[in-house]
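Structural features, examined
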Amino acid sequence: MSDRVTGRFAPTPSGRLHLGNLLCCLLAYLSVRSQDGRFLLRIEDLDVPRCPHRLSLQAIEDLSWFGFRWDEEPLFQSERSAIYQQHLEQLQKQGLIYPCFCTRAQLMASAAPNLGDTQVVYQRTCATLTPEEAEQLAQTRRPAMRLRVPDEVVTFTDGLYGVQSENLAKDCGDFILRRSDGLFGYQLAVVVDDALSGVNEVVRGRDILSATPRQIYLLKKLGYPLPRYVHIPLLMDADGRRLAKRDKDLDLTALSRRFTAEELLGKLAFSSGILPEERPSSLEELTRLFDWQKVKQEDMRLPRSLTKDI
Ligand code: GLU
C-alpha cells in the first residue's frame, strides 16, 4: 500500500447534498490535494430504501459541477454486502458478536439514563442468552447482530479538537453491526471501506466525532491500521442556525442558478477561514492556500451574501 495520503468524501444520499456536505468535501479534498494525496468518493447508500440511486447520481453530478475529481471509480456501499458479511464473520469467530432479539419498544423501556446525548446504552439483555434460547427466539424473529465492547477507554487525537476519549461499555454499549432487517450498520461499513481503500485520513463533520472510538475499536479487532481523524465544525446559516432542508434558497438547484461554482467555493472557503476575504476562488487556488491552522473549532457561518437579494 502506498504511503501517500488518501482521503475521501463519503456522503449518505438520503437527500440532495447541502452546503454543509460540500464544505466537508471541500476540506477533505483540499487537505489531501495540498499533501499531493489521493482523493476518493464513496456513496454511503447502505440504507437502500432511504437512498434511491437517483440521489447518488445527483450527488456525483453536484460534486462534479463544483470541479471535484476523484482518483478511482466511486464505491457504492449498496453493492458491498458480501464484503461486510465476511468481516462480520471474522468478528463472530473471535466471539465478539451476539444476536439481539430486542424490539425497539423493549430497548426504549430498558434504557439506562444516558449521558447527555441521544445515544442509549444497551443493557445487554441478549448478551447472556444460551445458544438454545437464541435458536428458539430465532424461529419467530430475525435478530440484529451486536458487537460486544469491553469496559475500556479508547483515546485518539483529533486533528482539530485534540485528545478525545470514551469508555466503550459505559458511554456507548454493545452496538449493532447488522440490523434485524439484514442491512449492515454504518460503523462496520465505514471502517471496512476505509481500510480496504487505503484511506489514512478521515475528514468529516463533528456530528460523527462520537462514533470514532467505536470505529477505532472495530478497526483494531479487524487488524486494520488506524487513519488520522479530523472532525470539522458544522456549517450554520448567517444567523447561526443549523442548515435545514426548509431553506429552499440554499438548495443547490437554486444556488447554482444564482452563483458560479467559483463564487460558491469562495463563500465556503471564506466561512471556514481558508480565504481571508469573500471572493470567487478555484480548487487549485484553495489547494495552495489550504492550511488546517486556518480552520477554527467553532461552528462556521455562511456569509449573508448567500441569502440576501433574492
Ligand atoms: N456518510 C456519513 C454522512 O454523510 C459520513 C461518514 C463518514 O464520513 O465517515 O454523514
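Anyway, here's the lowdown on the structure attached to this text. (Residues numbered from 1 in each chain as written. Predicted model: local features only at pLDDT ≥ 70, side-chain atom pairs only at ≥ 80, totals over all residues. Heavy atoms only, no water.)

A short note on helix H7 (residues 186–196)
- Among the 11 residues in H7, 9 count as buried, and that is most of the element.
- Along H7, the positions that sit buried rather than exposed are Gln-187, Leu-188, Ala-189, Val-190, Val-191, Val-192, Asp-193, Asp-194 and Ala-195.
- Buried residues in H7 make contact with strand S1 (6–9), strand S2 (38–43), helix H3 (81–93), strand S8 (175–178), strand S9 (201–205) and helix H8 (212–222).
- Immediately downstream of H7, the backbone of Gly-198 shows phi near 75°, a positive value. (Buried < 20%, exposed > 50% of the residue type's maximum accessible area, 1.4 Å probe, protein only. Helix = DSSP H or I, 4+ residues; strand = E, 2+ residues; numbered from the N terminus. Contact = heavy atoms within 4.5 Å.)

What to know about unusual backbone geometry
- Not every positive phi belongs to a glycine, and Asp-36 is a case in point at roughly 60°.
- Among the secondary structure elements, Asp-36 is positioned in the loop between helix H1 (19–34) and S2.
- Even without a glycine there, the phi angle at Arg-124 is positive, about 65°.
- When you line up the elements, Arg-124 lands in the loop between helix H4 (104–109) and helix H5 (131–138).

Brief notes about the sheet that holds strand S5 (residues 144–147)
- Pairing in this open sheet of 3 strands is antiparallel, and the strands run S4-S5-S8 from one edge to the other. Only two strands of the sheet have a single neighbouring strand rather than two, namely strand S4 (97–100) and S8. Across the sheet, the axes of successive neighbouring strands diverge by a mean angle of 45°, strand direction being ignored.
- Across 4 bridges, S4 lies against S5 in antiparallel orientation. Along S5, the bridge assignment pairs Ile-97 with Leu-147.
- Along the sheet face, H3 touches S4, S5 and S8 and points at about 130° away from the line of S8. (Pairing = 2+ DSSP bridges. Axes fitted to C-alpha atoms, helices over the stretch in contact; angles between N-to-C directions.)

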